[in-house]
Amino acid sequence: MAVIAGVATTDYPNHPDLTELGVHAIAADRALADAGLSWDDVDGYASAGMLPMHVVQLCEYFGIHPAYLDEINTGGSSFEVLLEH
C-alpha cells in the first residue's frame, strides 16, 4: 500500500461566512496542494464529523467519488483512530 499525505489547516475562526463543509474544503484544498496532488488524484477520504454520514456529505460537496470512505467520532482521539485505520 502506498500513501501520499498532505497536511493543512484553515485560518479558523477567520471564515465566519463559511459552513463547516466550506471550512473542510479549505483544509482539503491546502492538504492536496501540500502533497502536490489534485482532486483527480483522490481515491479515498477519511474525516471526523459530528453528523451521520459526514464524510459522504463532504465527498458530495467536493464532487468526488472515492473508492474508500471512513469516518469516526471518538472525540479528541478521532484523528488518531482514523490514522490507525
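Everything discussed here concerns the structure shown above.
Bear in mind that the values here come from a model prediction, so they are computed numbers and not experimental data.

A. How the structure looks around the pattern of salt bridges. All told, the structure shown has one salt bridge when counted by the stated rule. Here Asp11 ties to Arg30 by a salt bridge, and the two come within 3.0 Å at their closest N and O atoms. Of this pair, Asp11 sits in the segment before helix H1 (20-35) while Arg30 sits in helix H1, and the two are 19 residues apart along the sequence.

B. View of the pairing of strand E1 (residues 44-48). Across five bridges, the pairing between E1 and strand E2 (residues 68-72) is parallel. Within E2, the residue paired with Ser47 across the bridge is Glu71. Crossover handedness for the path E1 to helix H2 (residues 54-62) to E2: right-handed.

C. Seen up close, the environment of His15. Turning to its location among the elements, His15 is positioned in the segment before H1. Separated by 66 residues in the primary sequence, His15 and Val81 place their C-alpha atoms 28 Å from one another. Apart from the residues lying within four places of it in its own chain, the contact partners of His15 are Thr10, Val23 and Ile26. A distance of 3.2 Å separates the side chain of His15 from the backbone nitrogen of Asp11, its partner in a polar contact.

D. Region of the structure containing H2. The complete set of buried residues in H2 reads His54, Val55, Leu58, Cys59 and Phe62. Considered in projection along H2, the buried side chains sweep an arc of 135° and stay on one side of the axis. The inward-facing, buried residues of H2 abut H1, E1 and E2.

E. Region of interest: the environment of Thr74. Relative to the assigned elements, Thr74 resides in the loop between E2 and helix H3 (78-84). A relative accessible area of 37% means that Thr74 is categorised as partly exposed. Considering only alpha carbons, one finds Thr74 and Gly49, 25 residues apart in sequence, at a separation of 9.6 Å.

Scoring rules and cut-offs
- Residues numbered from 1 in each chain as written.
- Predicted model: local features only at pLDDT ≥ 70, side-chain atom pairs only at ≥ 80, totals over all residues.
- Heavy atoms only, no water.
- Salt bridge = Lys/Arg side-chain N within 4 Å of Asp/Glu carboxyl O.
- Helix = DSSP H or I, 4+ residues; strand = E, 2+ residues; numbered from the N terminus.
- Pairing = 2+ DSSP bridges.
- Right-handed = clockwise from strand over helix to strand, strands pointing away.
- Contact = heavy atoms within 4.5 Å.
- Polar contact = N/O pair within 3.5 Å; in protein donor to acceptor, adjacent residues only side chain to side chain.
- Buried < 20%, exposed > 50% of the residue type's maximum accessible area, 1.4 Å probe, protein only.
- Arc of directions from axis to C-beta.

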